[in-house]
Amino acid sequence: MQDKQIINDGFSIALDTVHGWGADFYERLPNIIVGIIIVVVFGFMARLIGKAISSYFTKKERIDLGQIIADFTFWILIFFGVLLAITIIVPSVKPANMLASLGIGSLAIGFAFKDILQNWMSGLLILLRMPFRRGDQVKIGEAEGTVMRIEPRATIIRTYDGRDIVVPNTIVYTNMIEVNTSQSQRRIEIDLTVGYAYDVRKMTKIIQNSLSQVEEVLKEPAPQILCWELGSTSLALRVRWWIQSQKSAEVISRSRVVQAIKEAFDANDIDPTDPQLIFYQETKPTPQQEADKSTVGTSSHVIVNDGPPPPEFAIDQADPESEAIKIDTKKETL
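Residues numbered from 1 in each chain as written. Predicted model: local features only at pLDDT ≥ 70, side-chain atom pairs only at ≥ 80, totals over all residues. Heavy atoms only, no water.

Participant: Could you give an account of the overall build of the protein, naming the residues involved and the relevant values?
Facilitator: From N to C terminus, the protein includes eight helices and eight strands. A buried classification covers 32% of the 334 residues belonging to the protein. When the accessible surface of the protein is totalled, it reaches about 21000 Å², and 61% of it is carbon and sulfur. (Helix = DSSP H or I, 4+ residues; strand = E, 2+ residues; numbered from the N terminus. Buried < 20%, exposed > 50% of the residue type's maximum accessible area, 1.4 Å probe, protein only. Areas by Shrake-Rupley, 256 points an atom, 1.4 Å probe, with all protein chains shown as cover.)

Participant: Give a detailed account of the environment of Gln224, specifying residues and quantitative values.
Facilitator: With respect to the secondary-structure elements, Gln224 resides in strand β7 (residues 224–230). Residues Gln224 and Trp242 lie 18 residues apart in sequence; the distance between their C-alpha atoms is 9.4 Å. Engagement of the side chain of Gln224 in a polar contact is seen with the side chain of Arg240, the distance being 2.6 Å. (Polar contact = N/O pair within 3.5 Å; in protein donor to acceptor, adjacent residues only side chain to side chain.)

Participant: Outline the packing of helix α2 (residues 63–89) against helix α4 (residues 114–129), listing residues and values.
Facilitator: Between α2 and α4, the least distance of the axes is 9 Å, while the angle of their chain directions is 135°. For the element pair α2 / α4, the angle class is oblique. The handedness of the crossing between α2 and α4 is left-handed. Contacts between α2 and α4 pair Asp64, Leu65, Ile68 and Phe72 from the former with Trp120, Gly123, Leu124, Leu127 and Leu128 from the latter. Broken down by class, the residue content of the contact of α2 with α4 amounts to seven nonpolar, one polar and one charged. (Axes fitted to C-alpha atoms, helices over the stretch in contact; angles between N-to-C directions. Parallel < 35°, antiparallel > 145°, perpendicular 65-115°, else oblique. Left-handed = near helix turned anticlockwise from the far one by under 90°. Contact = heavy atoms within 4.5 Å. Nonpolar A, V, L, I, M, F, W, Y, C, P; charged D, E, K, R; others polar.)

Participant: Any details on the sheet that holds strand β3 (residues 154–159)? Residues and values, ideally.
Facilitator: Pairing in this open sheet of five strands is antiparallel, and the strands run β4-β3-β2-β1-β5 from one edge to the other. Two strands bound the open sheet, and with one partner strand each, they are β4 (164–168) and β5 (177–179). Averaged over all pairs of adjacent strands, the angle between strand axes in this sheet comes to 40°, irrespective of strand direction. (Pairing = 2+ DSSP bridges.)

Participant: Give me the lowdown on the side chain of Arg186, citing residues and values where you can.
Facilitator: Relative to the elements of secondary structure, Arg186 occurs in strand β6 (residues 185–195). Side chain to side chain, Arg186 and Glu250 meet in a polar contact 2.8 Å long. Once residues lying within four places of it in the same chain are set aside, the contact partners of Arg186 are Asn180, Trp241, Trp242, Ile243, Ser245, Gln246, Lys247 and Glu250.

Participant: Residue-level account of the pattern of salt bridges, with values.
Facilitator: A full pass over the atoms with the stated rule returns twelve salt bridges. For the salt bridge of Arg149 with Glu151, the shortest nitrogen-to-oxygen distance reads 2.7 Å. Exposure remark for Glu151: the relative accessible area of 29% places this residue in the partly exposed category. Residues joined in a network through salt bridges with shared partners are Arg186, Lys247, Glu250 and Arg254. (Salt bridge = Lys/Arg side-chain N within 4 Å of Asp/Glu carboxyl O.)

Participant: Kindly report on helix α7 (residues 247–267), identifying the contributing residues and their values.
Facilitator: Along an α-helix, residues three or four positions apart point the same way, because every turn accommodates 3.6 residues. In this model, α7 (21 residues) spans 30 Å end to end at C-alpha, consistent with the 30 Å of a helix rising 1.5 Å per residue. Among the residues making up α7, those that are buried are Lys247, Ser248, Ala249, Glu250, Ile252, Ser253, Arg256, Val257, Ala260, Ile261, Ala264 and Phe265. Taken together, the buried residues of α7 touch β1 (137–140), β6, α6 (200–212) and β8 (234–244). Downstream of α7 by one or two residues, Asp269 has phi in the positive range, about 55°. (Expected span 1.5 Å × (residues − 1).)

Participant: Give a description of the packing of aromatic side chains that names residues and reports values.
Facilitator: Within the structure shown, the criterion is met by four aromatic pairs. An angle of 85° between the planes, with centres 5.1 Å apart, marks the rings of Phe74 and Trp75 as edge-to-face. Relative to Phe80, the ring of Phe79 lies with its centre 5.4 Å away and its plane at 70°, an arrangement referred to as edge-to-face. (Phe/Tyr/Trp six-rings, centres within 6.5 Å; stacked < 30°, edge-to-face > 60°.)

Participant: Could you give an account of the packing of α6 against α7, naming the residues involved and the relevant values?
Facilitator: One can describe the packing of α6 onto α7 by two numbers: an axis separation of 9 Å at closest approach and a directional angle of 135°. Accordingly, the angle class assigned to the pair α6 and α7 is oblique. α7 is crossed by α6, and the crossing has right-handed handedness. On α7, the residues touching Met203, Ile206, Ile207, Ser210 and Leu211 of α6 are Val257, Ala260, Ile261, Ala264 and Phe265. Classifying every residue of the contact of α6 with α7 gives nine nonpolar, one polar and no charged.

Note that all results are geometric; they support no functional claim without further evidence.
Written as structure tokens, this is what we have:
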């Protein structure tokens, strides 16, 4: 009988507790409704303000920066909306106490998400300082390609063979970056060797004529043919020319320049191979070779037989090497 009384008392206490919860819920129901409305209003405001920020930076041609600031603003407004709703639903909770608790908790969160926060801050600093932008062709460590976008956590680089590499922003921010398209033009070069038997002025003229036939080689600044090194058996020449900055221009121009020089050498009976690597069988020189030797160092007027123009060589616009999606501008930084 005593056990039955204890069970009944327990059920009564539980029932009273549930009734208390119900009464408390109905008492707080207006506050709960107001709190939900505040969260919804803050959510709507956060979304609207985020879109406005994103649209503003899009007009300024800084899409990635606008996206990261819009996301940050959105979550900050949502946070304060939830904080305000909690203080309305539970009046005993003070905002100062909650912020103090969050301050202690944020320390633990900071340690737990240290890498994420570092990448986010690095991404923000990259977008503010803009060492490069969308569409730039860069080299970061072993990763080389076109910058597709800069996200809060990582920078996405599309390689020249069509793969995407995700590089954490901390690596991007702390490492040396080679930006190949920071300027509209850049210079490339090749080295070649010729035997001392050939007239340097004639060689220079032949190479100049070859470069003039390649459309991708810019006329200004002018190409340069430099006598670079006196070897034991041959003269080293360095050929330098300017191109548009894209990787595709480098590939096309290098291929056409090399072929144009090769065909011009063939047309003028010039062997660019290092004589030290060749076994020559002694033969009687031809009349043309005798004439060439007689003109070495005696005249500035040389006869040059131009080779045929190099063939056209194009890279499809869909090829990653010709990627040109630049949208952001470097004219203004925050």
